[in-house]
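Structural overview
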Amino acid sequence: GEEYVVNGSKIFISNGQLCDVIVLATKTDSAAGAKGVTLFLVDTSLPGFRRGKNLSKMGLKAQDTSELFFDDMRIPASAMLGEEGKGFELMMTKLAQERLAQAIRSAVVAETVIGCEVPCGRKPEVGERRHATRTRPGAAGGTEHLSRP
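The notes below deal with the structure included here.

In this model, the largest pocket occupies a volume close to 230 Å³. Forming the walls of the largest pocket are K10, I13, I22, V23, L24, A25, L39, L68, F70, L81, L90 and M91. Of all the elements in the fold, those that place two or more residues in the lining of the largest pocket are β1 (3-14), β2 (21-27), β5 (65-76) and α1 (87-92). In terms of residues, the lining of the largest pocket owes the most to one element, β2, which gives four residues. Across the lining of the largest pocket, the residue classes tally to eleven nonpolar, no polar and one charged. Taken as a whole, the second largest pocket holds about 180 Å³ of empty space. Considering the residues around the second largest pocket, the lining is formed by 14 residues, among which V6, N7, A25, T26 and K27 are closest to the centre.

This part takes up the sheet that holds strand β3 (residues 37-43). Each strand in a sheet pairs with another by means of backbone hydrogen bonds, the pair being arranged parallel or else antiparallel. A sheet is described by the order of its strands in space; here three strands give the open sequence β2-β3-β6, paired in antiparallel fashion. Unpaired on one side and paired on the other, β2 and β6 (80-81) mark the two borders of the sheet. Note that β3 and β6 share two bridges and pair antiparallel. Bridged to F40 within β6 is M80.

Rules of the game
- Residues numbered from 1 in each chain as written.
- Predicted model: local features only at pLDDT ≥ 70, side-chain atom pairs only at ≥ 80, totals over all residues.
- Heavy atoms only, no water.
- 1 Å grid on protein atoms, 1.4 Å probe; cavity = no way out; pocket = protein on both sides within 12 Å on 5 of 7 lines; lining within 4 Å.
- Points joined across faces, edges and corners; volume = space filled by probe spheres on them.
- Helix = DSSP H or I, 4+ residues; strand = E, 2+ residues; numbered from the N terminus.
- Nonpolar A, V, L, I, M, F, W, Y, C, P; charged D, E, K, R; others polar.
- Pairing = 2+ DSSP bridges.

Coordinates in, geometry out; function isn't part of it.
Laid out in structure tokens, this is it:
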């Protein structure tokens, strides 16, 4: 047809409170498993789109995490990304790259935190600034000084 009607909800959606446009994964054929997933580029001003509450979380406070609701929301067929039933395949094309990027990000954060900690077995004096030195592979000179008041 010329449009699709979407009903349902999504939870733990990053930037859901601020988004103007979303990529929405839908089941257009519930009997087809992964081959029944279709992606749409959706304008959040469409009737039937509703934002839920901003969810509380431990980290990444600058990025909201939300619930999104869809109540008889009509999406034009022209908003489909790719072909019907090819949404899961499209999402999987970048999954390995996204996982690698997250692993690298996590390793850098862990390295930075460890590098900023006081060396084992030594307590800082009152008013003393903490200093840590670490070597970055490939860095010219190879030494970086980090300070934390």
